[in-house]
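Structural characterization, general
Here is what each chain is made of, one letter per residue.
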Amino acid sequence: MKTKNRRSPSLQLHYEITIIEVKPWPPSQSLRSLRSALIQWEHGDKNSGTTNAVAPSLLGSGSDIGDGKIEFDESFRLHVKLLRETPISDAFLKNCIEFNLYEPRRDKTVKGQLLATAVVDFAEYGVVAKDGLIISVPMNCKRTFSNTAQPMLFLKIQTIDKNNRARSSSGDSLVRQGSMDRNCSEEYAEEAEIASITDDDISSQSSSMAATSNTTTQLKVSREDENIASTESQVNDQQSCMPDTDEMLDPESNIISSNVKPARSPLNSGYGNGSWRRVQSLDKVQRLEQRVQSLEGELREAAAIEVGLYSIVAEHGSSVNKVHAPARRLSRLYLHACKENSQSRRATSARSIVSGLILVAKACGNDVPRLTFWLSNSVVLRAIIYNSFEKEHAAFSSEQLSKKNAMKWKKESFSKENRMRGISNEWESPCNFTCALEKVESWIFSRIIESVWWQTLTPYMQSAAAKAIVRIVDSESSKKTSSSREQEQANFSMELWKTAFMDACERICPVRAGGHDCGCLPVLSRLVMEQCMARLDVAMFNAILRESADEVPTDPVSDPISDARVLPISSGKASFGAGAQLKNAIGNWSRWLTDLFGIDDDSFEDEDGESFKSFHLLNALSDLMMLPKDMLLSSTIRKEVCPTFGAPLIKRILDTFVPDEFCPDPIPKVVLEALDSEDPLEGGKDCVMALPCAAGSVVYHPPSIRCILGDDGSQLTRSGSILRKSNTSDDELDDLSSPLTAIIDTSKRNPTKPSSRLKDGGIRYQLLKEIWMNNK
């Protein structure tokens, strides 16, 4: 009997679910014209189905809303596995099914317009009564209406056995114990009947519960005969340790939880009302202890999120550990949740961390230094989690490499995570957690790119910035010749873009722009400027190849330059001298970017082993201008010496070629004829064929873990101390005594009257401090 009554960690259920109707309908006047609707249900990634399209039933054609309904009356069967939160708990992890109401389209290949959504959690119902359970679930409309009615989805849930018959209910609405054996003796049946009559408390409590419960579950005493003497002995032993247990309960309460399993016993065993009450009391105390433990875990999580995200001042500084304090504190939260061996706690911590990072990043707006602060912390947090679960990530990477749809899986997984449906198993894996962090990093990175591009670099392409620099250059020279005018434009462009690059550096990291060491990851500044320089490369390339300097810009991203004076060479004309001047400008820019950000430094490579080369198009254009033109006769040689441009674009550039003192000969006609005879469709996939050239979208290449940890002696070696200090630092413990002092100006407070609110961090901080001290 002990083996029979041992609690299983999971519960296998077979449901028959009937979709009855949706009412009231319509929720608004605009949906009164809906001709038909269908419901699509989804349970996990593998189980789904769709009802037939039905027409709504409306009572009249008046203006009142909610006077009709949509009747479906369709059933389907579903296998559900419920997992317990803990082996001794009656609570189960969430297991949800989603119902989506659609307006079908004539084209059946198109899903249609989503009207409303409802979610049902099977963990709230478990095994239902014999006659089934009819529930109503609110449907959340995807439109916002005024004067709307709340539509409800009516369902019938029934548990079936393997023989497709409805199963009988027991006292526990979540766990079935089976019906009484048909071969029971009449004596035993009579004894059970007498016990049910004499136990007045149990009877009254059962009736009270039936009156207050939302379900139709009925309490039945149907257990097999057990070893009552052993059970009574255990109860008496536990009662001796807790003499005041009965006093902890409300003596006027007659409600029994649906999770309580009433025990039956022979009358002559001495196991009467008093013993049953002690069992009930002990069971309730045990459930209260579990609830307290769960609440304490939630309080610790809330405290860790507060001290790791919401009480942080996002400022750059010279200390690596201080800048990355959020990453350390959040990693402590997650690693402790993993030690608890609770999948739900681990999933909740991961979900809270990701949601918190998105929230604080949104609060930054277009403040680039604060955005880079949180981007650096997200990257370091991902490195800590990866380092702590390296074996899991290695297995995950090998599995994903064996699947060609790895990126599709990540995208689908993250989209489900963002919907926050409560399906915790998607968050339980550390690999999925790091994938989600990588998505957050990509989103923050894109916001930084757009802010730097539009607020820092784009203004230098306009006339206002050009006029300011022109006045400086004009004051240094009063006489101009044709040759000196080209040189002055080059000098002017050098001065302008040197200032622009320094402004961009200051915007990304003010500390490093001031010549000091900063604790944020320098690789992030390099990645940001690489993307911005790729855009600037395209913008200058399109502006230089305009037919004239008076031609207006065509695209705010790919062709935004409105003043041709910001270019290093004049637009509309190509020559050998212009190519040399462009090559010289590119060399100067690259040296400045290397000094400021480390761009073109060979020590920085992406995960594919390729280093970034700035100004790819301008370099190719300058090479073409200085190239001996007879080398362009052969298509083979042309693809080797000028692989970036296709034949149509090369011909267009050569049409604007002007002889000068460095190359006095005009372009041979045979070269132009050879380019004309070339098939315009031939060329590589990365070959530029026409103008204007389109700028690529923002691409985030996450820094490799090796680069973050700095195990190869790179300039990021200092960040390796973050991992060593993540679980042993004491500054977090000190901050827990007054978590708000970091964001409140303490200089204005009277030192003789210390604030008790700042001294007392609250119970949640005390609980968090205890855990951090015990896990140092």
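These numbers come from a predicted model, not from an experiment.

Now for the environment of Cys 505. Among the secondary structure elements, Cys 505 is positioned in helix α16 (residues 482-508). With relative accessibility at 5%, the residue Cys 505 sits in the buried group. The spatial distance from the C-alpha of Cys 505 to the C-alpha of Leu 593 is 9.4 Å, given a sequence separation of 88 residues. With residues up to four places along the chain from it excluded, the contact list for Cys 505 reads Ala 513, Leu 596 and Phe 597.

Bridge analysis of strand β1 (residues 10-25) against strand β10 (residues 152-159) gives eight bridges, and the strand direction is antiparallel. Opposite Glu 16, over in β10, you have Gln 158 as the bridge partner.

The predicted model of the protein chain averages 74 in pLDDT, with 67% of residues at 70 or higher. Note that residues 404-424 has pLDDT below 50 and, in this model, 24 contacts with residues that lie over four places away or in other chains.

Turning to helix α14 (residues 430-457), a few remarks are in order. With 28 residues, α14 should reach 40 Å at 1.5 Å per residue; the first-to-last C-alpha distance of 39 Å fits that figure. Two or three places before Cys 431, at the opening of α14, Ser 429 has a side-chain oxygen 3.2 Å from that residue's backbone nitrogen.

Time to look at the packing of helix α18 (residues 522-544) against helix α20 (residues 616-626). One can describe the packing of α18 onto α20 by two numbers: an axis separation of 7 Å at closest approach and a directional angle of 35°. On α20, the residues touching Asp 537, Val 538, Met 540, Phe 541 and Ile 544 of α18 are His 616, Leu 617, Leu 618 and Leu 621. Each residue belonging to the contact of α18 with α20 can be placed in one class, and the counts come to seven nonpolar, one polar and one charged.

Moving on, we get to the sheet that holds strand β4 (residues 57-58). Here we have five strands laid out as an open sheet, ordered β4-β5-β1-β10-β8, and antiparallel in their pairing. Only two strands of the sheet have a single partner each, and these edge strands are β4 and β8 (133-138).

Bringing the pattern of salt bridges into the picture now. A full pass over the atoms with the stated rule returns 17 salt bridges. The partner of Glu 678 in a salt bridge is Arg 638, and the shortest N-O contact between them spans 2.8 Å. Separated by 40 residues along the polypeptide, Glu 678 in the loop between α23 (669-677) and α24 (705-709) and Arg 638 in helix α21 (residues 635-641) bring together distant segments of the chain. In this structure Arg 638 comes out as buried when scored by relative accessible area, which is 5%. Across the pair Asp 655 and Lys 651 runs a salt bridge, and its minimum N-O distance is 3.4 Å.

Moving on, we get to unusual backbone geometry. Put simply, Lys 23 and Pro 24 share a cis peptide bond, and its omega is -5°. Checked against the element boundaries, Pro 24 lands in strand β1. Going from Leu 691 to Pro 692, the amide bond is cis rather than trans, its omega being -5°. Structurally, Pro 692 is set in the loop between α23 and α24. You will see that Asp 73, though not glycine, has its phi angle at about 50°, which is positive. Mapped onto the elements, Asp 73 comes out in strand β5 (residues 68-83). In this structure, Phe 615 takes a positive phi of about 55° despite not being glycine. Inspection of the secondary structure assignment puts Phe 615 in the loop between α19 (576-597) and α20.

How each quantity is defined
Residues numbered from 1 in each chain as written. Predicted model: local features only at pLDDT ≥ 70, side-chain atom pairs only at ≥ 80, totals over all residues. Heavy atoms only, no water. Helix = DSSP H or I, 4+ residues; strand = E, 2+ residues; numbered from the N terminus. Buried < 20%, exposed > 50% of the residue type's maximum accessible area, 1.4 Å probe, protein only. Contact = heavy atoms within 4.5 Å. Pairing = 2+ DSSP bridges. pLDDT = per-residue confidence, 0-100. Expected span 1.5 Å × (residues − 1). Polar contact = N/O pair within 3.5 Å; in protein donor to acceptor, adjacent residues only side chain to side chain. Axes fitted to C-alpha atoms, helices over the stretch in contact; angles between N-to-C directions. Nonpolar A, V, L, I, M, F, W, Y, C, P; charged D, E, K, R; others polar. Salt bridge = Lys/Arg side-chain N within 4 Å of Asp/Glu carboxyl O.

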